[in-house]
Structures are given as C-alpha cells and as structure tokens.
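A structural walkthrough
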Amino acid sequence: MAASRLSLPALVSLTYIALLSSSLCFAADPYVFYDFKVSYITASPLGVPQRVIAINGKFPGDPINATTNNNVVINVHNGLDEDLLMTWSGIQMRRNSWQDGVLGTNCPIPKTWNWTYSFQVKDQIGSFFYFPSLNLQRAAGGFGSFHLNNREVIDIPFAKPDGDIFLMIGDWYTQNHTALRTALDAGKDLGMPDGVLINGKGPYQYNKTLVPDGIRFETINVEPGKTYRLRVHNVGISTSLNFRIQNHNLLLAETEGYYTVQQNYTNFDIHVGQSYSFLVTMDQNASSDYYIVASARFVNESVWQRVTGVAVLHYSNSKGPASGPLPDAPKDAFDPQWSMNQALTVRQNGSASGARPNPQGSFRYGSINITDTYVLKTVPPLTIDGKLRATINGISFVNPQTPIRLADQHKVKGAYKLDFPNMSLNRLPRRDMSVINATYKGFIEIVFQNNDTTVQTFHLDGYSFFVVGMGYGNWTVDNKATYNKWDAISRCTTQVYPGAWTAVLISLDNPGAWNLRSQNLDRWYMGQETYLRIVNPEENGETEFSAPDNVLYCGALANLQKKQNHSSASSISSEASLLFFSLLMAFFTLVCTFRL
C-alpha cells in the first residue's frame, strides 16, 4: 500500500463503517480496505512521454482482491486537476447504487477531496476491473483488475491454478485524454489508435520496422508444467482485440462472474469492456520465449499493423528470446461472422457452483414470462444542436445535475425524465435526461440493435444478464425462436456487431438507479447511455439502502454539502490507519463471536 495519507473526515467515515458493521455482528462477512491515491504521473508506454492516471503511483493500478460476501472499503483521494469518480465495472452492489461511481448515481469527487466507497460483494465471484468514469479519463489510465474469489467452502470447477496472472489490454493514444475530449467536442473522429498496451506497456520489438527501440514491454514469468489462470480485461477505448499466446491453448473458464463450459481456443476476441478467465498450461518445450498478442479486429490490418500489443511469456527454463512472426489472427477483417460464431460458443457451466453451493444453471430463465421489451437502436454519431452526439433510440443522454435517487429522496423536481422510449421513434434526435422507468421484480428483454458501423459493447451496472441471442439484420419478434433458453452465458457486458442485434434477458431484483451504457468511450462520452430506475413500490427500508452518511451533494442540493478539511495536521498515514482498522475489526469480530 502506498504511503499516502488519509484525511480526518475519511478516518471518521471508516471508523463509523467499522462500528456500524460490528454492531450488526457480521462476523462471517470480513472487511477489506484499500487506499487509492489517484494522481498523474509521466510515462512513455509507446515511447512518447505523456501524462497518465496512476493509482498509488502505479499504472495500471494494483488488483483489488476480495472474496464472496466481503465488505470492500476503498478510500479514493482525488489528486487530479478535475472531478473524479471511480466505478467498479461488473460489481453487483446489492441494493446500493450509491456506491456505483457514475454521474447518475454519485456527485463527483472534487479535486483535492477524498471519498470513501463502501459496499458488499454479495453472492459474487469472478473477474472484473475498476476505472475512472468521467470525461474520458479511462483513456489516460486509472484502471486495474478487481477479482472476487470463491469462499473456501465452495469448490471451483477446475483444479486450483498455480497462480493468477492479470492482463489489462487495450488500444492507446499518445494524446492526453483532455486532447481526445477536445477532438470529440469539435466533431472529429478519434482516428486510429497509436498502439495497444498490455499492462500499461508497449509492444515487444517483434518487428524493428513497426516497433522502435526503447519500448518497455511486459514479461510474464511462468514455471514449466504449471497451469495459470489468466484474467484478461479489455480496458481500451473502442477497439475489439484478438487475444492469443503463441503455441498455447486458452481454456475458457469464466467471464464476468460466471463459470463457462470449458472449451479450448487458439485465439479469442475480447471486446471493449469485457473480462475473461483462461486456464493456460505451460506445456511447451521452452526452446524460446513465446509471444502474447492482442491485435485489432475488424480493421484493415495492413494499415493497422502498428496497433498490436505484444508481451512475452517467459518460461524459467527458456533457452532464448521470442522470435519470428506473430501467431496468426483470424482472417476475416471485414466479416465478423466468425467472431459471432465464436461468441455463441460461450455457454454457462450449469453444473458448476458459483458464489453459492447450488449450481449456476438452477435459474430457469427460459420459462419466465417477459414483462417488457426494449429495442435499443444505435446509429452513427449525428449532429444535435450543433454538436456531434451519439444516441440510443434517438436520445443523446445528458447527465442530471442531481443524481437520480438523491433527487428522489429529496423530492427534487425536474432532475430527470421517466420517458425513455422502448423503441426507436420516428422523430428528430434530441439531447435529454430520459431514463427507463423499469418495474421492480420485472423480467425484461433488451435488444441492442446496432446500426452503427463499428462493434459496440453495452454494459449494465448492478446486474448480470443472459445473452440469449445474436444475429444479423434488424431484430424482429420472429428472432425469439432462435434464443438460447437453456445455457446462455450470464454476464454484464456484451458485444453487438455492426448491422446486427444482441438480445439479453434481465431479472430486475436489485433496486436503485443503474447505468446502461456503451463501453466504447467515444460513444459513451457523446451520450450513448441511460439509466434503469428501479424502485420497490412497497419500499420499507429493507430492499434499498438509504444514502450513506458521507454522501456528496451537488446540483440542486449543493447547498447541503459541507467542505472537507484538508489540513496536514488532521491526517494520518495510510499504513497507520490500516493497522488501526485491522485491530478494530479483529476486536469486533471477537465480540461478535462471543455474542453469537
């Protein structure tokens, strides 16, 4: 943990959390604490010095390691020169959208301030990642892996791996995120990225013409004969990537919280915002090191050659460096049919346990009546009120000045509109604060219809959904007959190919306001998002948490916000604070044990 400092308000807030939890005697639900100092550092991942966003001085940030049902407390210090929010992509915070870290649910953390996120990773396992959600900041870094382990009493559906390996892959620009924002605001396309990073580093010099000298590259050290779990996240801006390891098979095991039917692949498409776990056995003769490759998909490869990430897999008994040509990617640059076929092979392992002892496949989603259908159509960006904007069903979303549920609790009128259309309407596109008025305990169908020219990925906070179908052309009711109603994978981020549709089913059992968005950063920045507002009409204080005591206020409620004290005299080192909390929680665990 970095030697940053916790402000007195943050310390008081965390103490309150500890005392509250101890009073409820959650002895079976331990706490894990993290202290994130978010700041700029200078790095040269592609050989060009630039300002990147680091967590505790590291780019990417260290992984968050938690276990099912842990309470996670993360104190975030905003050392940037602009507002900040951190979001925990794929973490299903039960009844607690207050911790989600997007503008519709949280007021931003002002510069120099800190804010403490506190949430429980209830009944969840798997591979996810965190990142800053505002103003294209993810294009500058600030991301890291977030993985949730099974409880010891729950078996995993494969032999315990010999180690975890985290790989953050993604397209990268040498321009700062502020310059990229300026380009989008001016109506320009971002154009071709400058490269692909693997764990914040540029490519190994596999080709002296394409890769200059002096680029730092990632090396993954392994032992022969051992099997590792590779958690791979596409944290990029807008480029789908094909992932592969020279001469090694990728045994798919899990994606975004659910175990999959285990299948071997020689290469695998990972779209923006998606996370996968592969089991890889080090079964080669180590005559040399091996390439780890992430290359752009659905582009003119002769033009995009330099947009390729290359790391090195190094056996401890390797006899030499990696050499020769990279392993081949699929030969379908302008035909995504191969990729769609591969995506449809990803199915849920219904016989495996997930976070609970019962098998993942025990939820009979295919026999539940659908209560509502939303067909969400996207098209190429268009000009609205003189600015280039992205839309869903003709609406380019405008973030409310007052977060949705905060506005509800304080009865702020006009903060947003509950009029998001369930299909594309024949009317002029507009900018608006329209959200979906979703029905609590409903079982809804969402069809993402992509009439844009690029692969889009869509993500829903607070939920996983069953990806039941994909196809080309415009979706019709007849396409329901092709749905997978038995073993569709459950996840939180799905790709939608250009000129195609993807259908998902969702059980709306988690009240709150939950962000539905494009994970393609350029489209998200230009307005391709909305929220599902889900309220229990019989709310009695048990189905949704109230606003936390440290809630930030903004917009119509800005007058309620108290200033933070940032004097150095009222701070304590993070090491001391973590020791304090460890001792505090150990004490209360003993107290609760005797009570129970």
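The present account deals with the structure reproduced in this document. (Residues numbered from 1 in each chain as written. Predicted model: local features only at pLDDT ≥ 70, side-chain atom pairs only at ≥ 80, totals over all residues. Heavy atoms only, no water.)

1. A short note on the packing of aromatic side chains
Two descriptors summarise a pair of aromatic rings, namely the distance from one centre to the other and the angle between the planes of the rings. Applicable threshold: Only Phe, Tyr and Trp rings are paired, with Trp represented by its six-membered ring, and only when their centres lie within 6.5 Å; those with planes under 30 degrees apart are stacked, over 60 edge-to-face, the remainder tilted. Only DSSP runs of H or I covering at least 4 residues are called helices, and only runs of E covering at least 2 are called strands; the numbering of each starts at the N terminus. Any residue under 20% of the maximum accessible area for its type is buried, any over 50% is exposed, and the rest in between are partly exposed; the area is computed with a 1.4 Å probe on protein chains only.
Inspection of every chain in the model, using the stated rule, returns 29 aromatic pairs. On the numbers, 6.1 Å between centres and 50° between planes, the contact of Trp-88 with Tyr-130 is tilted. Taken together, the residues Trp-88 in strand S6 (residues 86-89) and Tyr-130 in strand S8 (residues 126-132) connect sequence positions 42 residues apart. On the accessibility criterion, Trp-88 (1% relative accessible area) is buried.

2. Quick look at the nonpolar core
Rules: Side-chain atoms within 4.5 Å are what join buried Ala, Val, Leu, Ile, Met, Phe, Trp, Tyr and Cys residues into a set we call a nonpolar core. In what follows, a contact means two residues having at least one pair of non-hydrogen atoms within 4.5 Å.
With 104 residues, the main nonpolar core has Trp-88, Phe-119, Phe-146, Phe-243 and Phe-278 as its most contacted residues. If we ignore the near neighbours within four places in the chain, the residues touching Phe-243 are Leu-167, Leu-230, Val-232, Leu-250, Asn-267, Phe-268, Ile-270, Phe-278, Ile-292 and Val-293. The next biggest cluster of nonpolar side chains, apart from the first, holds 32 residues, and it includes Leu-46, Ala-139, Ile-404 and Ala-407.

3. With respect to the pairing of strand S9 (residues 144-149)
Short version of the rule: The pairing criterion is simple: DSSP has to find at least two bridges between the two strands.
The buried count for S9 comes to 5 of 6 residues, which makes it a mostly enclosed element. In this sheet, S9 lies alongside strand S4 (residues 64-67) in parallel orientation, the contact comprising 4 bridges. Within S9, the position partnered with Thr-67 by the bridge is Asn-149. Where S8 and S9 come together, 5 bridges link them in antiparallel fashion.

4. Remarks on the environment of Asn-249
Position of Asn-249 among the secondary structure elements: in the loop between strand S14 (241-245) and strand S15 (250-255). Residues Asn-249 and Phe-278, spaced 29 residues apart in sequence, show a C-alpha to C-alpha distance of 9.1 Å. Contacts of Asn-249, omitting those with residues within four sequence positions, involve Asn-264, Tyr-265, Thr-266, Leu-279 and Val-280.

5. Let's talk about the state of the cysteines
How we decide: By definition, disulfides here are pairs of cysteine sulfur atoms that lie within 2.5 Å.
Per the stated rule, a full pass over the model turns up 1 disulfide. Put simply, Cys-107 and Cys-554 are joined by a disulfide, and their sulfur atoms are 2.1 Å apart. Residues Cys-107 and Cys-554 share a disulfide whose torsion about the S-S bond is about -80°; that sign makes it left-handed. Residue Cys-107 is found in the loop between S6 and strand S7 (114-120), and its partner Cys-554 is found in the loop between strand S34 (529-535) and strand S35 (571-573); the two are separated by 447 residues along the sequence. Residue Cys-554 is classed as buried on the basis of its relative accessible area, which comes to 15%.

6. Description of unusual backbone geometry
Omega for the peptide link from Phe-59 to Pro-60 comes to -5°, which places this bond in the cis form. Considering the arrangement of structural elements, one finds Pro-60 in the loop between strand S3 (50-55) and S4. At Arg-95, a residue that is not glycine, the phi angle is positive and equals roughly 65°. Here Arg-95 lies in the loop between S6 and S7. Even without glycine at this site, Phe-298 takes up a positive phi of about 60°. Relative to the helices and strands, Phe-298 is located in the loop between strand S19 (290-296) and strand S20 (308-315).

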